[in-house]
Amino acid sequence: MTSRSLGHRAPLLWLVLPLIAGIIAGRYGPPASPAWLLAGALVAALLSALAAWRAPRVWALPLGAALLLAGDASYTLRRARLAAWEQLPPREAQLALRVDRVFPQNDPRKTAGLATVMRAEEHLPDLVGQRIYFSLALRPGEAIPIRSMVISALGVLTPLPENPPAVSFDSYLADAGMNFRLARGRLLAVEQPPTRYRMFCDHLARRLNAILSAGVAPKRPELAAVYRAMMLGQKHELSAAQGQLFMHSGTMHLFAINGLHIGVVALAVHALLLLARCPRPLVAVLTLLVLWLDVDTTGASPSALRAWLLVAAYETGYALRLPANGIAAAAGAHGELRRLLHRGTARRVAGTLGRRGELRAGWRVCLGQRSHRPHLHLGAQPAGAGVRRR
C-alpha cells in the first residue's frame, strides 16, 4: 500500500482569497464604516458556525463573506484616514517622532525612515499616533537616528493621496498605513535615547560591518562593498557600476535580506546545532534566536520578518515532531498574514508565496521531511508504509 503525504496540502490557504479581496475593496473601493463592516463580519461568522451544524455544504459561503468584510474593515482601520485631510495643504510642522525604521542613505548628511508621531503642535492633534515617513537633514558630525529613539524634527508636512499610483513610493507608504510624509526637514534634538536592545543591535551591526571590511576594504573597497551588501543587505554600499551590473544580470535579489538569505542562515545554524548533538527544542530555540538577531540587526524589513515567521513555523513543527508545511504555515500565522497583506497589499502575495519554494526545498533536505514526490523523500517512512513487498 502506497503511503500518502499531506505535507503539500494547505487547508487554510483558501481563506486568504476573500481576505485579499476585502483588503483590495478597502484600498480601492468606496469608503465604508468599519463598525458596520465588523458587525456584518460577525453576523456572517455566526451564520457560518450555524451552517456547519445544520447545512455542512454551505458553511464556507458565509465564512468567505465574513473574511471579505473583515479585510475591508482591517484596511480602513489600519489606514485611519480622515476625510478632512484631503484638503490640507503642505505646511510646516514640528513633531516628536519615535523612529521605527531607518532607510540607508548614500549621503551621510541625510536620513530617512518611518516613525510614529508621539507629540504634535496644538493645531495638529489628530497626528498623534500616526505613522509617517520622514526625510531629514543632519548637521555635520550628527549621528543617524537609531530605532526606538524619540527625536524632535521640523519639516514640511504633506498629506499622501488617498489612492496613489500603484507603482510609486507613495503607494508603498499608503499600503503601510501612512497618511503623511515629513520632507525637507531637519533634526532639532534627541528627546529620548534608544533602548538598550536597539543600542546593542546597532553596535552589532557596526561590528559585523567592521569584520566584513577587515583586510579587504583598504585594498579592494569594491569587494568589501559586495560583502557588506550580500551579508548585511547594505545595497547602498554598491557603486553605480556594480548596481547596474547586478541588475542587468538579474542577481540583485542576492543582496536583499529576504527568504533566500534567511533560509541559508537558518539551514547553516540548524545544521551546525544538529552536528553538535543538541536536542530538538534547543536547536529550534537557538536557531530562531540567532536568526532573529540577524533579521533585527539588518533592519527588520517586512520580507525578512515574513521569512523569520515561516522558519519559526518550521522549527516549531520540528521541535514538536509534527509535519511542516510552508504555505499552510504562512496562511495560518496571523502575524505573517498581517504583514503579507497590509505591507504589500494583494500584488505581492503571489510572488511572496512563490518564493517560499526556495526555502521549503532546502528545509526539507535539511530536516529530512517529505517532499511532494515520494521518490524525493529523504526521511524514514512510518512502519507499515511504503512500497508493498513481494
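In short, a report on the structure.

### A closer look at the overall build of the chain
Phase 1: Across its full length, the chain holds 13 helices and five strands.
Phase 2: Looking at the chain residue by residue over its 390 residues, the buried ones come to 40%.
Phase 3: Look at the contacts in the chain between residues 6 or more apart in sequence, and 68% of them connect residues 24 or more apart.
Phase 4: In the form shown here, the chain has an accessible surface area of approximately 21,700 Å², with 64% of it arising from carbon and sulfur atoms.

### Details of the sheet that holds strand 1 (residues 91–103)
Phase 1: Pairing in this closed barrel of five strands is mixed, and the strands run 1-2-3-5-4 around the ring. When strand polarity is set aside, the average angle formed by the axes of neighbouring strands in this sheet is 55°.
Phase 2: Pairing of strand 2 (residues 110–119) with strand 3 (residues 131–137), which is carried by seven bridges, proceeds in the antiparallel orientation. Across the sheet, the residue bridging to A115 is I132, located in strand 3.

### Looking at the pairing of strand 2
Phase 1: Of all ten residues making up strand 2, seven are buried, and the element is well covered by its neighbours.
Phase 2: Bridge count for strand 1 against strand 2 is seven bridges, and the pairing is antiparallel. Counterpart to V99 in the pairing with strand 2 is A115.
Phase 3: Taking the residues between adjacent antiparallel strands as the criterion, strand 1 and strand 2 are bridged by six residues.

### Here's the deal with helix 3 (residues 60–79)
Phase 1: With 20 residues, helix 3 extends 29 Å from end C-alpha to end C-alpha; this agrees with the ideal 28 Å at 1.5 Å per step.
Phase 2: Along helix 3, the residues classified as buried are P62, G64, A66, L67, G71, D72, A73, Y75 and R79.
Phase 3: Taken from the residues just after helix 3, A80 is the one with a positive phi, measuring 50°.

### Some details on the nonpolar core
Phase 1: Membership of the largest hydrophobic core comes to 21 residues, with the highest contact counts inside it found for L95, L97, L157 and L182.
Phase 2: Of all elements in the fold, only strand 1, strand 2, strand 3, strand 4 (150–159) and strand 5 (180–192) reach the threshold of two or more residues within this core.
Phase 3: Among the elements that make up this core, the one with the highest residue count is strand 1 (four residues).
Phase 4: Excluding anything up to four places from it in sequence, L182 contacts A93, L95, L97, I132, Y133, F134, S135, L136, A153, G155, V156 and L157.
Phase 5: Ranked by size, the runner-up nonpolar core spans 13 residues in total, among them I262, A266, A307 and W308.

### What to know about the packing of helix 9 (residues 280–297) against helix 10 (residues 302–319)
Phase 1: Running from N to C, helix 9 and helix 10 cross one another at 175°; their axes reach a closest spacing of 9 Å. The angle between the axes of helix 9 and helix 10 places the two elements in the roughly antiparallel class. Judged by residue contacts, R280, P281, V283, A284, T287, L288, L291, W292 and V295 of helix 9 engage A304, L305, W308, V311, A312, E315, Y318 and A319 from helix 10.
Phase 2: When its residues are assigned to classes, the contact of helix 9 with helix 10 shows 14 nonpolar, one polar and two charged.

### Thoughts on the environment of A205
Phase 1: Mapped onto the secondary structure, A205 falls in helix 5 (residues 196–213).
Phase 2: For A205 and D296, which are 91 residues apart along the polypeptide, the C-alpha to C-alpha distance reads 9.5 Å.
Phase 3: Not counting chain neighbours up to four residues away, the residues in contact with A205 comprise L232 and T297.

### Let's talk about unusual backbone geometry
Phase 1: Non-glycine residue R184 carries a positive phi angle of around 50°.
Phase 2: Note that R184 resides in strand 5.
Phase 3: The residue R277 is not glycine, and still its phi comes out positive at about 60°.
Phase 4: The exposure class of R277 is exposed, given its relative accessible area of 78%.

### Structural notes on the packing of helix 5 against helix 6 (residues 221–232)
Phase 1: Contact geometry of helix 5 with helix 6 gives a least axis separation of 9 Å together with a crossing angle of 140°. Comparing their axes, helix 6 and helix 5 come out oblique. Crossing of helix 5 against helix 6: the hand is right-handed. Along the contact surface, helix 5 presents A205, L208, N209, L212 and S213, while helix 6 presents A224, Y227, R228, M231 and L232.
Phase 2: By residue class, the composition of the contact of helix 5 with helix 6 is seven nonpolar, two polar and one charged.

### Structural notes on the packing of aromatic side chains
Phase 1: By the definition in use, this model includes eight aromatic pairs.
Phase 2: Consider the rings of W85 and F180, whose centres lie 5.0 Å apart with planes at 70°: the pair is edge-to-face. In this pair, W85 sits in the loop between helix 3 and strand 1 while F180 sits in strand 5, placing the two residues 95 residues apart along the sequence.
Phase 3: Note on W85: relative accessible area 7%, which makes it buried.
Phase 4: The class for F180 is buried, based on a relative accessible area of 3%.
Phase 5: Ring geometry for F246 against F255: centres 4.6 Å apart, planes inclined by 70°, an arrangement best described as edge-to-face. The pair formed by F246 and F255 is uniform in burial state, with each residue classed as buried.

### Notes on the layout of surface pockets
Phase 1: Roughly 1,600 Å³ of volume is contained in the largest pocket.
Phase 2: Residue lining of the largest pocket: 46 residues in total, with V102, F103, P104, T298 and G299 positioned closest to the centre.
Phase 3: For the lining of the largest pocket, the elements supplying multiple residues, two or more each, are strand 1, strand 2, helix 4 (169–175), helix 5, helix 9, helix 10 and helix 13 (349–367).
Phase 4: With six residues, helix 5 is the single largest residue contributor to the lining of the largest pocket.

Definitions and limits used
- Residues numbered from 1 in each chain as written.
- Predicted model: local features only at pLDDT ≥ 70, side-chain atom pairs only at ≥ 80, totals over all residues.
- Heavy atoms only, no water.
- Helix = DSSP H or I, 4+ residues; strand = E, 2+ residues; numbered from the N terminus.
- Buried < 20%, exposed > 50% of the residue type's maximum accessible area, 1.4 Å probe, protein only.
- Contact = heavy atoms within 4.5 Å.
- Areas by Shrake-Rupley, 256 points an atom, 1.4 Å probe, with all protein chains shown as cover.
- Pairing = 2+ DSSP bridges.
- Axes fitted to C-alpha atoms, helices over the stretch in contact; angles between N-to-C directions.
- Expected span 1.5 Å × (residues − 1).
- Core = buried A, V, L, I, M, F, W, Y, C linked by side-chain atoms within 4.5 Å.
- Parallel < 35°, antiparallel > 145°, perpendicular 65-115°, else oblique.
- Nonpolar A, V, L, I, M, F, W, Y, C, P; charged D, E, K, R; others polar.
- Left-handed = near helix turned anticlockwise from the far one by under 90°.
- Phe/Tyr/Trp six-rings, centres within 6.5 Å; stacked < 30°, edge-to-face > 60°.
- 1 Å grid on protein atoms, 1.4 Å probe; cavity = no way out; pocket = protein on both sides within 12 Å on 5 of 7 lines; lining within 4 Å.
- Points joined across faces, edges and corners; volume = space filled by probe spheres on them.

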